[in-house]
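For reference, the chains in residue letters:
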Amino acid sequence: MYRIGILASTMTPSPDVYKAFEKINCQLDHLKEVPSFEKLHTYDGLLIEEVHEGAISSVCSTILQIKQQTNVYIWVLSGKSTLINRQVYLQLGVDGNFDQESFPEELLLYLKNFLSRQDEQRKTQRAVVGGKKNANQISTIGEKLEMDPTNHSLTVFIGEKEVEVELTRLEYRLLELLYSYPGKAFNYQEIHENLWNSPYKEENYRVANIVFHVRKKLERHDVGSEFIKTVRSKGYMIKLENIKKTSKK
């Protein structure tokens, strides 16, 4: 499931809005302020409320604050979208600008189409990496793991036990990269550039933070995190033989 945050100080989504997002496989969170770095990476997209037409400088500041920390998708929700505001936001790298009058219908249609295309691209990429001819196949690795780009999930098979772990977009991309060559150590620069598509600036903590959250999720699902192996002073690799073994039920 995708996770979308809405940064809004004057509007509060109704229960029906939350349900509408869930129907397109999105979890909507109402946020009062920009999340901390640790929480930012858990979101696939952020929707910023433009309180009034003159609030463009405040919105721009928020956009820059977010983009300095992550490459998450960003959309602006304006009281009335103007040509000048749209151009400014697009120049800052925003992915879309919507009017509050059309919220949430227009945004939901956009997200449904946009995320569907993203999923198809992920399927194709995984098929190429795995050497599969059928782009609609779920990627299977060593008959122990499956990655499903349609909902950013990881399924681990331990004996007769099947465990599904939901991941964020960045978490999924991390494992997707590591799984492309099990046993190969990827350094921090390779991981950073793959996840954020931006120049590497010795920000190892950003990579380490995502690995930390993935390991926590695996542990919560009683999978164990040992197969994400830390390579000291270099980066990380996947060791399939380290998948936690449990007794058959």
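Structure: see above.
None of the values given here were measured: they were computed from a predicted structure.

(A) Main features of the sheet that holds strand β1 (residues 2-7). Within the open sheet, the 5 strands sit side by side as β2-β1-β3-β4-β5. Their pairing is parallel. Because the sheet does not close on itself, it has two edges, and the strands there are β2 (26-31) and β5 (96-99). The sheet shows a mean angle of 25 degrees between the axes of neighbouring strands, taken without regard to direction. Direction of pairing for β1 relative to strand β3 (residues 45-50): parallel, over a ladder of 4 bridges. Bridge pairing links Leu7 to Ile48 in β3.

(B) Focus on the sheet that holds strand β12 (residues 235-238). Strand order in this open sheet of 3 strands is β10-β12-β11, and the pairing throughout is antiparallel. In this open sheet, the two strands that pair with only one neighbour each are β10 (186-187) and β11 (228-231). The sheet contact formed by β11 and β12 spans 4 bridges and is antiparallel. Within β12, the position partnered with Val231 by the bridge is Gly235. Packed onto the sheet, helix α6 (residues 169-180) meets β10, β11 and β12 and runs at close to 70 degrees relative to β12.

(C) Layout of helix α8 (residues 204-220). The terminal C-alpha atoms of α8 lie 25 Å apart, and with 17 residues this matches the ideal 24 Å at 1.5 Å per residue to within 8%. All buried positions along α8 are accounted for by Arg206, Val207, Asn209, Ile210, Val211, Val214, Lys217 and Leu218. Just downstream of α8, Asp222 is the residue with a positive phi angle, here 60 degrees.

(D) Geometry of the packing of α6 against helix α7 (residues 188-196). Two elements in contact, α6 and α7, have axes whose closest approach is 10 Å; the angle formed by their N-to-C orientations is 135 degrees. One finds that α6 runs oblique with respect to α7. Where α6 crosses over α7, the handedness of that crossing is right-handed. In this structure, α6 contributes Leu170, Arg173, Leu174, Leu177 and Leu178 to the contact, and α7 contributes Glu190, Ile191, Asn194, Leu195 and Trp196. For the contact of α6 with α7, the per-class residue count stands at 7 nonpolar, 1 polar and 2 charged.

(E) Looking closely at the layout of surface pockets. Within this model, the largest pocket holds a volume of roughly 260 Å³. In this structure, the largest pocket is lined by 14 residues; those nearest its centre are Arg3, Thr42, Glu166, Thr168 and Lys217. Of all the secondary-structure elements, those providing two or more residues to the lining of the largest pocket are β1 and α8. By residue number, the principal contributor to the lining of the largest pocket is α8, which donates 4 residues.

(F) Looking closely at the side chain of Thr42. With respect to the helices and strands, Thr42 occurs in the loop between α2 (37-40) and β3. We classify Thr42 as buried; its relative accessible area is 11%. Polar side-chain contacts of Thr42 include one of 2.5 Å to the backbone oxygen of Lys39. With sequence-adjacent residues up to four places away left out, Thr42 is seen in contact with Arg3 and Thr168.

(G) Just the environment of Gly79, in detail. Position of Gly79 relative to the elements: it lies in the loop between β4 (73-78) and α4 (83-91). Relative accessible area serves as the criterion here: at 35%, Gly79 is assigned to the partly exposed category. For the pair Gly79 and Val51, spaced 28 residues apart in sequence, the C-alpha to C-alpha distance is 6.8 Å. For Gly79, the residues in contact, after removing those within four places along its chain, are Glu50 and Gln100.

(H) Expanded view of the nonpolar core. Core analysis: the largest hydrophobic core is formed by 31 residues, its most contacted members being Leu154, Leu175, Ile191 and Ile228. When residues of this core are traced back to their parent elements, those giving at least two are β7 (145-148), β8 (153-158), β9 (161-166), α6, α7, α8 and β12. Counting residues per element, this core draws most heavily on α6, which supplies 7 residues. Apart from the residues within four sequence positions on either side, Leu175 is in contact with Met147, Leu154, Leu167, Val214, Ile228 and Ile238. Counting 20 residues, the second largest nonpolar core, distinct from the first, contains Ile6, Tyr73, Phe103 and Leu111.

Definitions and limits used
Residues numbered from 1 in each chain as written. Predicted model: local features only at pLDDT ≥ 70, side-chain atom pairs only at ≥ 80, totals over all residues. Heavy atoms only, no water. Pairing = 2+ DSSP bridges. Helix = DSSP H or I, 4+ residues; strand = E, 2+ residues; numbered from the N terminus. Axes fitted to C-alpha atoms, helices over the stretch in contact; angles between N-to-C directions. Contact = heavy atoms within 4.5 Å. Expected span 1.5 Å × (residues − 1). Buried < 20%, exposed > 50% of the residue type's maximum accessible area, 1.4 Å probe, protein only. Parallel < 35°, antiparallel > 145°, perpendicular 65-115°, else oblique. Left-handed = near helix turned anticlockwise from the far one by under 90°. Nonpolar A, V, L, I, M, F, W, Y, C, P; charged D, E, K, R; others polar. 1 Å grid on protein atoms, 1.4 Å probe; cavity = no way out; pocket = protein on both sides within 12 Å on 5 of 7 lines; lining within 4 Å. Points joined across faces, edges and corners; volume = space filled by probe spheres on them. Polar contact = N/O pair within 3.5 Å; in protein donor to acceptor, adjacent residues only side chain to side chain. Core = buried A, V, L, I, M, F, W, Y, C linked by side-chain atoms within 4.5 Å.

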